[in-house]
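An overview of the molecular structure
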Amino acid sequence: MTIKLLAIGKTDNKNLQALIAEYEKRLGHYIKFDLDIIPDIKNVKNLSEAQQKEKEGELILKKLTPTDVLVLLDENGKQFTSVDFSDYLQKKMNAGIKQLVFVIGGPYGFSDAIYTTAKGKISLSKMTFSHQMVRLFVVEQIYRGFTILRNEPYHHR
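Below you will find a few notes about this structure.

About the thresholds
Residues numbered from 1 in each chain as written. Predicted model: local features only at pLDDT ≥ 70, side-chain atom pairs only at ≥ 80, totals over all residues. Heavy atoms only, no water. Helix = DSSP H or I, 4+ residues; strand = E, 2+ residues; numbered from the N terminus. Rg over C-alpha atoms; globule rule 2.2 N^0.38 Å. Buried < 20%, exposed > 50% of the residue type's maximum accessible area, 1.4 Å probe, protein only. Areas by Shrake-Rupley, 256 points an atom, 1.4 Å probe, with all protein chains shown as cover. Lys, Arg positive; Asp, Glu negative; His and termini not counted. Charge placed at Lys NZ, Arg CZ, Asp CG, Glu CD. Phe/Tyr/Trp six-rings, centres within 6.5 Å; stacked < 30°, edge-to-face > 60°. Pairing = 2+ DSSP bridges. Right-handed = clockwise from strand over helix to strand, strands pointing away. Expected span 1.5 Å × (residues − 1). Core = buried A, V, L, I, M, F, W, Y, C linked by side-chain atoms within 4.5 Å.

A tally of regular secondary structure across the protein chain gives 5 helices and 5 strands. Ordered by position from the N terminus, the helices and strands of the protein chain form the series β-α-β-α-β-α-β-α-β-α. For a compact globule of 157 residues, the expected C-alpha radius of gyration is about 15 Å, and the protein chain comes in at 15 Å, within 12% of that figure. For the protein chain, the spread of C-alpha atoms along the principal axes amounts to about 50 × 35 × 25 Å. Per-residue burial for the protein chain yields a buried fraction of 45% across its 157 residues. For the protein chain, the accessible area works out to roughly 9,000 Å², and carbon and sulfur atoms hold 50% of it. Of the side chains in the protein chain, 23 bear a positive and 18 a negative charge, and the two mean positions are spaced by 3 Å.

Shown next, in the form of structure tokens:
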């Protein structure tokens with residue numbers, strides 16, 4: 001299985017970029033992982049929130065293949081402990097999924113088309129985080145999930 005993380009807009013903070021790259025590298029020992037950044041939409045000042053979500057949704061859909069399993073990182077999604085999330089990843093691998101795609105939407109969330117396409121929603125917290133920080137948290141939690149599955153000492157129970 002491949003895990004892909006789709007995100008709207010680049011990360012400007014060099015420290016966050018370095019940390020994300022570190023966890024991407026670590027993940028390579030366990031699974032094929034791909035971070036795919038969708039460029040910010042230009043001239044958003046001329047767009048309503050709904051129009052911006054639609055345009056972002058179209059860009060997200062272009063990145064998917066018919067067999068991809070899309071999971072949204074959404075404030076109204078299911079919350080997991082790290083151990084429960086590792087079980088979730090194991091179940092997805094056992095299901096024979098070719099590519100599991102997590103997506104971080106834009107500032108206003110997702111279009112209806114994306115909600116319709118998604119096979120699930122996960123919430124990292126009831127708190128709000130910057131989209132740039134969420135990338136780091138997701139990549140770290142995927143890495144943590146694999147260390148839990150392998151009974152490695154990274155996660156302390």
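On to the packing of aromatic side chains, then. Scanning the entire structure with this criterion turns up 10 aromatic pairs. Aromatic side chains Phe 80 and Phe 85 sit 6.0 Å apart centroid to centroid with 55° between the ring planes, which places their arrangement in the tilted category. Exposure remark for Phe 80: the relative accessible area of 24% places this residue in the partly exposed category. By relative accessible area, which is 9% here, Phe 85 ends up buried. Geometrically, the ring pair formed by Phe 80 and Tyr 88 is tilted, given 5.2 Å between the ring centres and 50° between the ring planes.

It is worth spelling out the pairing of strand β1 (residues 2–8) at this point. Along β1, 7 of the 7 residues are buried, which leaves the element largely enclosed by surrounding structure. Sheet analysis places β1 next to strand β2 (residues 32–38), joined by 7 bridges and oriented parallel. Bridging from a neighbouring strand, Leu 5 pairs with Leu 35 of β2. Considered for its hand, the β-α-β crossover made up of β1, helix α1 (residues 14–27) and β2 is right-handed.

The next thing to look at is helix α5 (residues 131–149). Its 19 residues place the ends of α5 27 Å apart at the C-alpha level, agreeing with the 27 Å of an ideal helix rising 1.5 Å per residue. Most of α5 sits out of view: 14 of its 19 residues are buried. Positive phi appears at Asn 151, one or two residues downstream of α5, with a value of about 55°.

What follows concerns the nonpolar core. Counting residues in each nonpolar core, the largest one holds 28 residues, and the members touching the most others are Ile 3, Leu 5, Leu 27, Leu 89, Phe 102, Ile 142 and Phe 146. Elements supplying a minimum of two residues to this core: β1, α1, β3 (69–78), α3 (82–94), β4 (99–104) and α5. For this core, the element with the highest residue contribution is α5, accounting for 7 residues. Core analysis: the next-biggest nonpolar cluster, separate from the first, contains 12 residues, Ile 60, Leu 70, Phe 110 and Ala 118 among them.

Glancing now at the pairing of β4. For β4, the tally of buried residues reaches 6 of 6 residues, placing the bulk of the element in the interior. Across the two faces of β4 the burial is the same, with Gln 99, Val 101 and Val 103 and Leu 100, Phe 102 and Ile 104 all buried. In this structure, β1 lies alongside β4, joined through 6 bridges in parallel fashion. Paired with Ala 7 across the two strands is Ile 104, which belongs to β4. Relative to β4, β3 runs parallel, the two being bridged by 5 bridges. Bridging from a neighbouring strand, Leu 73 pairs with Ile 104 of β4. As for the winding sense of the linkage, the β-α-β connection from β3 through α3 to β4 is right-handed.

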